[in-house]
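Residues per chain, in single letters:
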Amino acid sequence: RTSLGAQINRIKLGDNVHNIVDVNVDDKNLILLIVRLELKEIEWGKDKIDMVSYRRDNTQYNLIAINKTSGNIIFNNKMEILPDHYIRDLSIKHNYIFINSVFDDSLFFWNYNANNGEYKWNRSFEVSSYYNHNGGLQNLFYNNTILLPLEDRIVYVDFNTGETIYEFTDEDVEEIVG
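Residues numbered from 1 in each chain as written. Predicted model: local features only at pLDDT ≥ 70, side-chain atom pairs only at ≥ 80, totals over all residues. Heavy atoms only, no water.

Participant: A description of the overall build of the protein chain should follow, citing residues and the corresponding values.
Facilitator: On a plain count of helices and strands, the protein chain comes out with two helices and twelve strands. Taken over 178 residues, the protein chain has a buried fraction of 43%. If you take every contact in the protein chain between residues at least 6 apart in sequence, the share linking residues at least 24 apart comes to 41%. Accessible surface, the protein chain: about 10600 Å² in total, of which carbon and sulfur atoms supply 43%. (Helix = DSSP H or I, 4+ residues; strand = E, 2+ residues; numbered from the N terminus. Buried < 20%, exposed > 50% of the residue type's maximum accessible area, 1.4 Å probe, protein only. Contact = heavy atoms within 4.5 Å. Areas by Shrake-Rupley, 256 points an atom, 1.4 Å probe, with all protein chains shown as cover.)

Right, dumping it as structure tokens:
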């Protein structure tokens with residue numbers, strides 16, 4: 001992992017990369033990055049700045065894939081995820097990239113193609129405002145199904161379509177924690 005970090009530091013991601021939001025190195029060939037781009041610099045001293053609206057209006061998320069061997073950027077694509085979402089998880093399985101993001105009281109689950117970074121589908125699920133405080137919840141993968149743990153249920157989602165296959169609930173379970 002140390003050598004991968006050094007490799008990322010050598011790669012020119014662009015002058016407007018504000019920060020690296022998440023990294024995944026689980027694939028044998030790819031380093032995946034989610035970066036926040038700054039589309040317009042802050043003009044300090046001009047007006048009062050509302051950082052929430054500045055972030056929403058002047059930044060964007062990009063998904064970047066880097067070849068681990070060569071260090072070449074395979075793709076660098078603007079994402080469909082809006083800048084005011086909080087990115088919770090980035091994972092890759094069977095040439096699919098899965099991203100969890102939270103906005104207000106909704107968990108969004110995104111799917112991108114690992115070969116070219118193209119957006120495939122997304123789903124959203126209602127969660128409480130406490131969901132974001134439970135950082136231990138992670139997606140589980142089984143065959144072509146993702147098990148998505150929510151607070152009070154587990155949703156089984158199809159890899160290819162994003163359709164719900166099954167929902168596990170139990171009246172005796174008040175909350176699932178990680």
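Participant: Break down the side chain of Asn 113 for me, with residues and values.
Facilitator: Mapping Asn 113 onto the fold places it in strand β7 (residues 106-113). The buried category is assigned to Asn 113, whose relative accessible area is 19%. Here the side chain of Asn 113 touches Asn 115 through a polar contact of 2.6 Å, landing on its backbone nitrogen. Sequence-distant contacts of Asn 113, defined by excluding residues within four places in its chain, comprise Phe 75, Asn 95, Ile 97, Glu 118 and Lys 120. (Polar contact = N/O pair within 3.5 Å; in protein donor to acceptor, adjacent residues only side chain to side chain.)

Participant: For the nonpolar core, give the residues involved together with the corresponding values.
Facilitator: Soluble, globular proteins show a tendency: their nonpolar side chains are buried together. Residues Ile 34, Met 79, Ile 81, Ile 97, Ile 99 and Tyr 112 are the most contacted members of the largest nonpolar core, which totals 18 residues. Those elements giving two or more residues to this core turn out to be β2 (30-38), β3 (59-67), β5 (86-93), β6 (96-103) and β7. Leu 107, Leu 150, Val 157 and Phe 159 belong to the second-largest nonpolar core, a separate cluster that totals 14 residues. (Core = buried A, V, L, I, M, F, W, Y, C linked by side-chain atoms within 4.5 Å.)

Participant: Run through the pattern of salt bridges, naming residues and quoting values.
Facilitator: Under the definition given, this model contains one salt bridge. Taking the shortest distance from any N to any O, the salt bridge between Arg 153 and Glu 167 comes out at 3.1 Å. A residue pair is termed long-range when its members are at least 10 positions apart, and Arg 153 in strand β11 (residues 153-158) and Glu 167 in strand β12 (residues 164-169) qualify at 14 residues. Residue class for Arg 153 comes out buried when judged on its relative accessible area of 17%. (Salt bridge = Lys/Arg side-chain N within 4 Å of Asp/Glu carboxyl O.)

Participant: Let's hear about the sheet that holds β11: which residues, and what values?
Facilitator: Read across the open sheet, the four strands follow the order β9-β10-β11-β12; overall the sheet is antiparallel. The open sheet terminates on both sides in strands that have one partner only, identified here as β9 (140-142) and β12. Within this sheet the neighbouring strands show an average axis-to-axis angle of 20°, counted without direction. Sheet topology note: the strand β10 (residues 145-149)/β11 ladder contains five bridges and is antiparallel. (Pairing = 2+ DSSP bridges. Axes fitted to C-alpha atoms, helices over the stretch in contact; angles between N-to-C directions.)

Participant: Lay out unusual backbone geometry with the relevant residues and their values.
Facilitator: Unlike most non-glycine residues, Asn 95 shows phi in positive territory, near 65°. Within the secondary structure, Asn 95 sits in the loop between β5 and β6. Classification of Asn 95 as partly exposed rests on a relative accessible area of 43%. The phi dihedral of Asn 143 is positive, around 50°, even though this residue is not glycine. Within the fold, Asn 143 resides in the loop between β9 and β10.

Participant: Any details on the sheet that holds β7? Residues and values, ideally.
Facilitator: On the basis of which strands lie adjacent, the open sheet formed by four strands has the order β5-β6-β7-β8 and antiparallel pairing. Edge strands, defined here as strands with exactly one partner in the open sheet, are β5 and β8 (119-126). Direction aside, neighbouring strands of the sheet carry axes that sit 15° apart on average. Pairing of β7 with β8, which is carried by seven bridges, proceeds in the antiparallel orientation. Opposite Phe 108, over in β8, you have Ser 124 as the bridge partner.

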